[in-house]
Amino acid sequence: MSTQPFETLSVAAGTSVEDAPLEVSVDTSAAAATAPTSGRPIGPTGRPMPVFPEPATLEKHGPARIVAMCNQKGGVGKTTTTINLGACLTEYGRRVLLVDFDPQGSLSVGLGINPNEIDRSVYNLLMDRDCKVEDVVLKSNIPGLDVLPSNIDLSAAEVQLVTEVAREQVLARVLAPAMADYDFIIIDCQPSLGLLTVNALTAAHGVIVPMECEFFALRGVAMLVETIQKVQERLNPVLEIDGLLATMYDSRTVHCREVLARLVEAFEDKVFHTAISRTVRFPETTVAGEPITTFATSSGGAYSYRQLAKEVLARCPAQ
Ligand SMILES: Nc1ncnc2c1ncn2[C@@H]1O[C@H](COP(=O)(O)OP(=O)(O)OP(=O)(O)O)[C@@H](O)[C@H]1O
Ligand SMILES: [Mg+2]
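Owing to the predicted nature of the structure, the values given are computational and were not obtained by experimental measurement. (Residues numbered from 1 in each chain as written. Chains lettered and ligands numbered in written order. Predicted model: local features only at pLDDT ≥ 70, side-chain atom pairs only at ≥ 80, totals over all residues.)

A. Structural view of the confidence of the model for the protein chain. Looking at the protein chain, the pLDDT average stands at 88 and 88% of residues meet or exceed 70. Below a pLDDT of 50 lies the segment residues 1–37, which in the model reaches 54 contacts outside its immediate sequence neighbourhood of four places, other chains included. (pLDDT = per-residue confidence, 0-100. Contact = placed C-beta atoms within 7 Å.)

Structure, rendered in structure tokens:
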């Protein structure tokens, strides 16, 4: 990682992003996409696109890698990425548990679960001593993809946890018994850096940061990295950034390409080679209550999330 990520970003803030010159550093034209550089085509991030290996078949499942899908900025694709990355990982034979850690319950809705009709939710798991993962978990329509659903009740937990002993470690404690059953547990965080998100970061081995390719996203990510560092120092030394993911990417806009170039300049290899393009298919999947891999199985969006799954597995060889 660059030693001066935020200086780089703030220079961009003051001067160049809005009025970016036309000669940008990332050439994503069709010609560039096929032009070989070191024998490989240039990807959307301006670097040669690696060929990710086909994921190995697993002989047995677990222990899970816990990943927090986190960005305090709203509407950047956290929930969409949680659902679709999770679904793609199951296509490669991984067992995946998705945790809806947002009182909006969007993850649950996106998988066809009505949050108002669930008996028990993540709230009960956090607050009731006798409640276990198996009392709350639901199977989705995708084989190998399970969900811990949430609804508005979870908003009370943010307040009630304040008086708990070891209040930052509650989620880690309740998820621990489920780790043996899954290869990945992905936590869909709410758009805030409050106590629930700190619980997710404390439980996690890695963080994936989905971000829209627009200027304010750069500022937001600096604040998030600061929080991640604090959690690393004080609560969870194993925590690492698995990757920053460009979502809603539109290669036709200079602004989008420039923001992605700045991101790579600042965070280097931490930026996923895969970027997710902007397409109306994603809002459509939410209405349908299923991942894009089953809703539009051969679409560009499904292809991108499969590629992201391969990239994630290449970065976490043990999984
Ligand atoms: N690549 C994409 N192209 C177009 N629309 C997208 C894309 N990814 C997500 N969306 C849409 O953008 C909206 C916000 O996405 P999503 O709910 O995943 O973001 P979020 O970060 O989880 O939001 P929140 O912070 O509110 O939890 C949704 O309507 C979703 O369908
Ligand atoms: Mg969300």
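B. Structural view of helix H11 (residues 254–267). Taking 1.5 Å per residue, 14 residues should reach 20 Å; H11 reaches 20 Å between its end C-alpha atoms and fits that length. For H11, the buried fraction is high: 10 of the 14 residues fall into the buried class. Turning to H11, its buried residues are Cys-256, Arg-257, Glu-258, Val-259, Leu-260, Arg-262, Leu-263, Val-264, Ala-266 and Phe-267. Glu-268 occupies a position one or two residues after H11 and carries a positive phi of about 45°. (Helix = DSSP H or I, 4+ residues; strand = E, 2+ residues; numbered from the N terminus. Expected span 1.5 Å × (residues − 1). Buried ≥ 20, exposed ≤ 12 C-beta atoms within 10 Å, placed from the backbone.)

C. Just unusual backbone geometry, in detail. In this structure, the amide linkage connecting Gly-62 to the following residue, Pro-63, adopts the cis form with an omega of -5°. Assignment of secondary structure puts Pro-63 in the loop between strand E2 (40–41) and strand E3 (65–69).

D. Inspection of the packing of helix H3 (residues 78–91) against helix H14 (residues 300–315) at higher detail. Packing of H3 against H14 brings their axes to within 8 Å, and their N-to-C directions diverge by 70°. It follows that H3 is roughly perpendicular to H14 by the angle criterion. For the pair formed by H3 and H14, the contact residues are Asn-84, Leu-85, Cys-88, Leu-89 and Glu-91 on the first element and Tyr-305, Arg-306, Leu-308, Ala-309 and Val-312 on the second. Looking at the contact of H3 with H14 residue by residue, the class counts come to seven nonpolar, one polar and two charged. (Axes fitted to C-alpha atoms, helices over the stretch in contact; angles between N-to-C directions. Parallel < 35°, antiparallel > 145°, perpendicular 65-115°, else oblique. Nonpolar A, V, L, I, M, F, W, Y, C, P; charged D, E, K, R; others polar.)

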